[in-house]
Amino acid sequence: MTSNHDLFVRACARLPGGVNSPVRAFRAVGGEPFFTRRADGPYLWDVEGNRYIDYVGSWGPMIVGHNHPHVREAVERAVKDGLSFGTPCEAEVTMAETIARLVPSVEMVRMVNSGTEATMSAIRLARGATGRSRIVKFEGCYHGHGDAFLVKAGSGALTLGTPTSPGVPAALADLTLTLPYNDFEAATRLLDEVGGDVAGLIVEPVAGNMNCIPPREGYLQHLRALCTQHGALLIFDEVMTGFRVALGGAQAHYGVTPDLTTFGKIIGGGMPVGAYGGRRDLMQQIAPAGPIYQAGTLSGNPVAMAAGLAMLELVQAPGFHDELARRTRLLCDGLQAWADGAGVPFTTTRVGAMFGLFFTAEKIETYAQATACDVPMFNRFFNAMLERGVFLAPSAFEAGFLSSAHTEDVIAATLDAAREAFAEAKAV
Ligand SMILES: Cc1ncc(COP(=O)(O)O)c(C=O)c1O
Ligand SMILES: N[C@H](C=O)CCC(=O)O
């Protein structure tokens with residue numbers, strides 16, 4: 001039998017850090033990653049046969065659990081007709097119509113192959129449409145690895161201590177202005193100062209790459225008003241929140257209408273997909289309808305569209321998101337109870353089926369608070385949970401995700417593990 005360790009040794013010889021995306025490497029939590037052989041429902045199995053309850057969900061897409069038969073069968077049917085056409089196909093039209101129906105601010109959409117491509121393209125559109133160069137993002141928010149976004153970025157960049165990446169030319173980084181998330185005054189001040197030069201302000205409407213931080217009440221409305229006042233485009237990066245925190249995404253949940261929205265994860269059903277869309281007058285500026293160029297050999301891939309459409313069918317079931325939110329609350333309340341019982345300072349955040357675990361007694365609303373939490377304690381808890389067969393995101397700065405396959409029994413098993421894990425993490 002191949003072992004996780006042997007595979008990691010082989011991987012490190014040929015893949016930087018042994019992985020194809022930094023967050024998978026377990027650098028922050030210590031130890032070595034496991035190698036998944038198969039996944040089903042709420043579970044992953046590694047190459048050694050160990051089973052894990054999975055709260056990473058492929059970093060968000062697997063909202064109906066792994067290997068859901070409806071999604072798998074749609075993929076199997078699509079594959080029989082060919083893997084890629086390089087011509088338009090019906091499924092991509094249906095995908096665009098579905099997104100537009102479920103997210104009304106998106107009048108037109110362009111399919112791409114990742115969340116990174118979606119955000120890079122949205123920013124190009126914002127710059128092209130406004131004739132302005134600067135963009136505004138938030139400290140600790142992550143929008144993929146495009147140059148413009150690797151400035152005070154979250155996710156693996158924050159975890160590994162390189163929030164502003166080498167390799168991004170200073171001339172480009174200087175065009176990215178950053179703001180503290182959830183700070184009303186700072187946003188007002190910055191836009192009053194330079195708003196006339198700002199093409200777009202991009203935000204994760206629920207921050208999910210510095211752990212999970214919901215917006216303060218009225219904050220997204222405030223950003224909307226500022227962008228309107230200064231003629232900057234408001235871009236919601238819903239790669240993580242789209243179709244997860246509510247059927248219509250965070251914009252439906254909070255009742256705020258952005259100019260442009262980016263998607264990924266769930267709309268691919270587990271296949272590599274992204275999309276950006278928004279107001280018709282803006283999207284009509286994208287080539288070949290307009291002059292702003294953006295293209296993709298595999299964009300609108302028929303197999304990926306089939307997977308995404310099948311998943312979007314499932315999340316439209318009546319009560320789907322309410323039930324997921326209820327179970328997420330069960331999980332978070334249960335964790336809180338065991339942490340309190342063990343005398344461990346701990347707090348949780350959640351919006352829909354997205355949650356955050358913080359080792360602090362404070363209510364978390366800012367990047368500064370998130371990064372001041374007890375990270376070594378998180379790392380011990382992570383490893384104690386892993387030993388008990390529960391896989392949390394391997395970083396104190398990533399959100400957790402629930403799926404409809406996480407039944408009350410699965411949550412109860414998670415909580416049993418947590419009771420011991422809190423005690424073990426505290427004992428050190
Ligand atoms: C909010 C957000 N935007 C963009 C991205 C980039 O997506 P991808 O990894 O598919 O390029 C991610 C995740 O990686 C994300 O969480
Ligand atoms: N936090 C990232 C996206 O949501 C994790 C995915 C990755 O970068 O591999």
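Bear in mind the structure is a predicted one, so any value in this text is a computation, not a measurement.

Asker: Teacher, can you tell me more about the overall build of the protein chain here?
Answerer: In terms of regular secondary structure, the protein chain is built from 15 helices and 14 strands. Rg of the C-alpha trace for the protein chain: 21 Å, near the compact-globule value of 22 Å for 428 residues, within the 12% margin. Along the first, second and third principal axes, the C-alpha atoms of the protein chain reach 60 × 55 × 45 Å. For the protein chain, the residues scored as buried account for 57% of the 428 residues in total. Of all intrachain contacts in the protein chain linking residues separated by at least 6 positions in sequence, the fraction that spans at least 24 positions is 72%. Total accessible area on the protein chain stands at roughly 17300 Å², and carbon and sulfur atoms take up 53% of it. When the 34 basic and 43 acidic side-chain charges of the protein chain are each reduced to a single mean position, those positions are 2 Å apart.

Asker: Please explain the domain arrangement of the protein chain as it appears in this structure.
Answerer: The parts lose accessible area when they come together, and the size of an interface is often stated as this lost area. Partitioning the protein chain into domains gives domain 1 (4-67 + 319-426) and domain 2 (69-315). Averaged C-alpha coordinates put domain 1 and domain 2 at centres separated by 25 Å. Each partner contributes to the interface: domain 1 provides 36 residues, whereas domain 2 provides 38 residues. With its nearest N and O atoms 2.9 Å apart, the salt bridge here joins Arg 216 to Glu 365.

Asker: Could you clarify how one ought to interpret the site of ligand 1 in this entry?
Answerer: Near ligand 1 the following residues occur: Ser 114, Gly 115, Thr 116, Tyr 142, His 143, Gly 144, Glu 204, Asn 209, Asp 237, Val 239, Met 240 and Lys 265. Contact distances for ligand 1 include 2.9 Å between an oxygen atom and a backbone N or O atom of Gly 115. Between ligand 1 and Asp 237 there is a distance of 2.6 Å, counted from a nitrogen atom to a side-chain nitrogen or oxygen. Bound to the protein, ligand 1 loses 81% of the 380 Å² it would expose on its own. Here the residues of the shell around ligand 1 are counted per class, giving three nonpolar, six polar and three charged.

Asker: Is there a simple way to explain the environment of Tyr 293 in this structure?
Answerer: Along the chain, Tyr 293 falls in the loop between helix H10 (280-283) and helix H11 (302-315). For Tyr 293, a relative accessible area of 59% puts it in the exposed group. Among all residues touching Tyr 293, those that are not within four sequence positions of it are Arg 124 and Ala 287.

Asker: Explain the packing of aromatic side chains here, please?
Answerer: Think of a pair of aromatic rings as described by two things: how far the centres are apart, and how the planes are tilted against each other in angle. Taken as a whole, this structure holds 20 aromatic pairs when the rule is applied. Ring geometry for Tyr 181 against Tyr 219: centres 5.9 Å apart, planes inclined by 70 degrees, an arrangement best described as edge-to-face. Here the residue Tyr 181 occupies a position in the loop between strand E6 (176-179) and helix H7 (184-194), and Tyr 219 occupies one in helix H8 (residues 219-230), the gap between them amounting to 38 residues. Both residues of the pair, Tyr 181 and Tyr 219, belong to the buried class. Cluster of aromatic residues (ring-pair linked, three or more members): Phe 26, Phe 34, Tyr 52, Phe 382 and Phe 391. In this arrangement the basic side chain of Arg 38 is found over the ring face of Trp 45, its NZ or CZ atom lying 3.9 Å from the centre. Directly above the aromatic system of Tyr 43 lies the positively charged group of Arg 51, at a separation of 3.9 Å from the ring centroid.

Asker: Where do I start with the site of ligand 2 in this structure?
Answerer: In the vicinity of ligand 2, the contacting residues are Ser 21, Val 23, Trp 59, Ser 155, Asn 209, Met 240, Lys 265 and Glu 398. Taking Asn 209, its side chain carries an N or O atom lying 2.6 Å from a nitrogen atom of ligand 2. Within the contact set of ligand 2, an oxygen atom lies 2.8 Å away from a side-chain nitrogen or oxygen of Lys 265. About the coverage of ligand 2: the protein hides 86% of its 280 Å² of free accessible area. Inspection of the shell around ligand 2 shows a minimum of three residues originating in each of domain 1 (4-67 + 319-426) and domain 2 (69-315).

Asker: Got a minute to help me understand the packing of helix H12 (residues 320-342) against helix H15 (residues 408-427) in this structure?
Answerer: Packed helix pairs are characterised by how far apart their axes lie and by the angle those axes make with each other. H15 packs onto H12 with a crossing angle of 25 degrees between their chain directions and a minimal axis gap of 9 Å. Comparing the axis directions of H12 and H15 gives the class roughly parallel. Classified by chirality, the crossing of H15 by H12 is right-handed. Across the interface between the two elements, Arg 326, Arg 327, Leu 330, Leu 331, Gly 334, Leu 335, Trp 338, Ala 339 and Ala 342 from H12 touch Glu 408, Ile 411, Thr 414, Leu 415, Ala 418, Arg 419, Phe 422, Ala 423 and Lys 426 from H15. Within the contact of H12 with H15, the residues separate by chemical class into eleven nonpolar, two polar and five charged.

Reading the values: the criteria
Residues numbered from 1 in each chain as written. Chains lettered and ligands numbered in written order. Predicted model: local features only at pLDDT ≥ 70, side-chain atom pairs only at ≥ 80, totals over all residues. Heavy atoms only, no water. Helix = DSSP H or I, 4+ residues; strand = E, 2+ residues; numbered from the N terminus. Rg over C-alpha atoms; globule rule 2.2 N^0.38 Å. Buried < 20%, exposed > 50% of the residue type's maximum accessible area, 1.4 Å probe, protein only. Contact = heavy atoms within 4.5 Å. Areas by Shrake-Rupley, 256 points an atom, 1.4 Å probe, with all protein chains shown as cover. Lys, Arg positive; Asp, Glu negative; His and termini not counted. Charge placed at Lys NZ, Arg CZ, Asp CG, Glu CD. Domains from an automatic or database assignment. Salt bridge = Lys/Arg side-chain N within 4 Å of Asp/Glu carboxyl O. Near = heavy atom within 4 Å. Polar contact = N/O pair within 3.5 Å; in protein donor to acceptor, adjacent residues only side chain to side chain. Nonpolar A, V, L, I, M, F, W, Y, C, P; charged D, E, K, R; others polar. Phe/Tyr/Trp six-rings, centres within 6.5 Å; stacked < 30°, edge-to-face > 60°. Lys NZ or Arg CZ within 6 Å of the ring centre and 35° of its normal. Axes fitted to C-alpha atoms, helices over the stretch in contact; angles between N-to-C directions. Parallel < 35°, antiparallel > 145°, perpendicular 65-115°, else oblique. Left-handed = near helix turned anticlockwise from the far one by under 90°.

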